[in-house]
Amino acid sequence: MTQQHGGPYPDERIQVLVDVVGDKLIDNIARKTPYPYDFHLPADEQTITAFALPGGQCFITYALFSQWNEAQLAGVLGHEIGHVVGRHSTERIAESSFWQTSTMGASLGADMGNVEGSIGQNTLLSNGRDDELESDELGVLFTIQAGYTPMR
Ligand SMILES: [Zn+2]
């Protein structure tokens with residue numbers, strides 16, 4: 001999957017940031033999950049997307065990563081963890097258009113309620129709507145449980 005998106009991002013310090021935020025989410029969520037999570041940062045600077053594979057492999061392209069701050073990164077990873085926790089199948093995790101149309105990153109000052117609302121609207125356009133809504137709810141919950149406070 002990483003190879004399809006330009007291979008691993010060359011700067012390991014940036015990859016570490018993704019790991020740190022991902023692990024922080026996993027360590028703090030109240031809903032324990034048995035999967036061995038791993039967070040990947042493909043170097044793709046064109047494709048704005050994030051997705052997860054059943055079993056705990058989570059991916060966020062550099063194109064998406066580079067636009068957003070840490071709390072928003074946590075929101076993205078939380079959403080992907082939500083897919084894993086919810087046992088959503090790969091076929092139903094069709095995220096490409098989802099993240100491209102998401103306005104989550106449009107405003108750095110958006111609070112979590114707005115973030116959730118904008119994702120909810122976008123999911124109406126994509127497949128696996130119920131899965132996306134469940135992941136959104138879990139993602140926001142995980143983000144808050146990990147100590148990221150809504151931004152004002
Ligand atoms: Zn999703």
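Conventions adopted
Residues numbered from 1 in each chain as written. Predicted model: local features only at pLDDT ≥ 70, side-chain atom pairs only at ≥ 80, totals over all residues. Helix = DSSP H or I, 4+ residues; strand = E, 2+ residues; numbered from the N terminus. Buried ≥ 20, exposed ≤ 12 C-beta atoms within 10 Å, placed from the backbone. Contact = placed C-beta atoms within 7 Å. Axes fitted to C-alpha atoms, helices over the stretch in contact; angles between N-to-C directions. Parallel < 35°, antiparallel > 145°, perpendicular 65-115°, else oblique. Left-handed = near helix turned anticlockwise from the far one by under 90°. Nonpolar A, V, L, I, M, F, W, Y, C, P; charged D, E, K, R; others polar. Expected span 1.5 Å × (residues − 1). pLDDT = per-residue confidence, 0-100. Arc of directions from axis to C-beta.

## Some points on the overall build of the protein chain
Item 1. Regarding its fold elements, the protein chain presents 6 helices and 3 strands.
Item 2. Of the regular secondary structure in the protein chain, the N- to C-terminal order runs α-β-β-β-α-α-α-α-α.
Item 3. Counting over 152 residues, the protein chain shows a buried share of 39%.
Item 4. The contacts in the protein chain between residues at least 6 apart in sequence include a share of 65% that link residues at least 24 apart.

## Digging into the packing of helix 1 (residues 12-28) against helix 3 (residues 70-85)
Item 1. Where helix 1 meets helix 3, the axes come as close as 9 Å, and the angle between the chain directions of the two elements is 55°. If you check the angle between helix 1 and helix 3, you find them oblique. As for the relative orientation of helix 1 and helix 3, their crossing is right-handed in sense. Contact residues: Val21, Gly22 and Leu25 in helix 1; Glu70, Leu73, Ala74, Leu77, Gly78 and Ile81 in helix 3.
Item 2. In terms of residue class, the contact of helix 1 with helix 3 is made up of 6 nonpolar, 2 polar and 1 charged.

## Here we look at the environment of His88
Item 1. Mapped onto the secondary structure, His88 falls in the loop between helix 3 and helix 4 (96-101).
Item 2. With 19 C-beta atoms packed within 10 Å, His88 lands in the partly exposed category.
Item 3. Distance in space between the C-alpha atoms of His88 and Leu53 is 8.7 Å, their sequence separation being 35 residues.

## Looking at helix 3
Item 1. The end-to-end C-alpha distance of helix 3, which contains 16 residues, comes to 22 Å, matching closely the 22 Å that a straight helix rising 1.5 Å per residue would cover.
Item 2. Counting buried positions along helix 3 yields 14 of 16 residues, so the element is predominantly enclosed.
Item 3. Within two residues after helix 3, Arg87 carries a phi angle of roughly 55°, on the positive side.

## Considering the confidence of the model for the protein chain
Item 1. Model confidence for the protein chain is summarised by a mean pLDDT of 79, while 74% of its residues fall at 70 or above.
Item 2. Here helix 5 (residues 112-123) stands out as the least confident element of the protein chain, with mean pLDDT 47; strand 1 (residues 38-40) is the most confident, with 96.
Item 3. Within the model, pLDDT remains below 50 along residues 105-127, and this stretch shows 40 contacts once partners closer than five positions in the same chain are excluded.

## Notes on helix 1
Item 1. Compared with an ideal rise of 1.5 Å per residue, which puts 17 residues at 24 Å, helix 1 spans 24 Å between its outermost C-alpha atoms and is within 8% of the ideal.
Item 2. Listing the buried residues of helix 1 in full gives Val18, Val21, Gly22 and Leu25. Buried residues of helix 1, seen end-on, are gathered within an arc of 95° and therefore sit on one face of the element. Within helix 1, the exposed residues directed more than 90 degrees away from the buried face are Glu12, Arg13, Val16, Val20 and Asp27.
Item 3. Close packing links the buried residues of helix 1 with strand 1, strand 3 (57-60), helix 2 (62-65), helix 3 and helix 6 (129-145).

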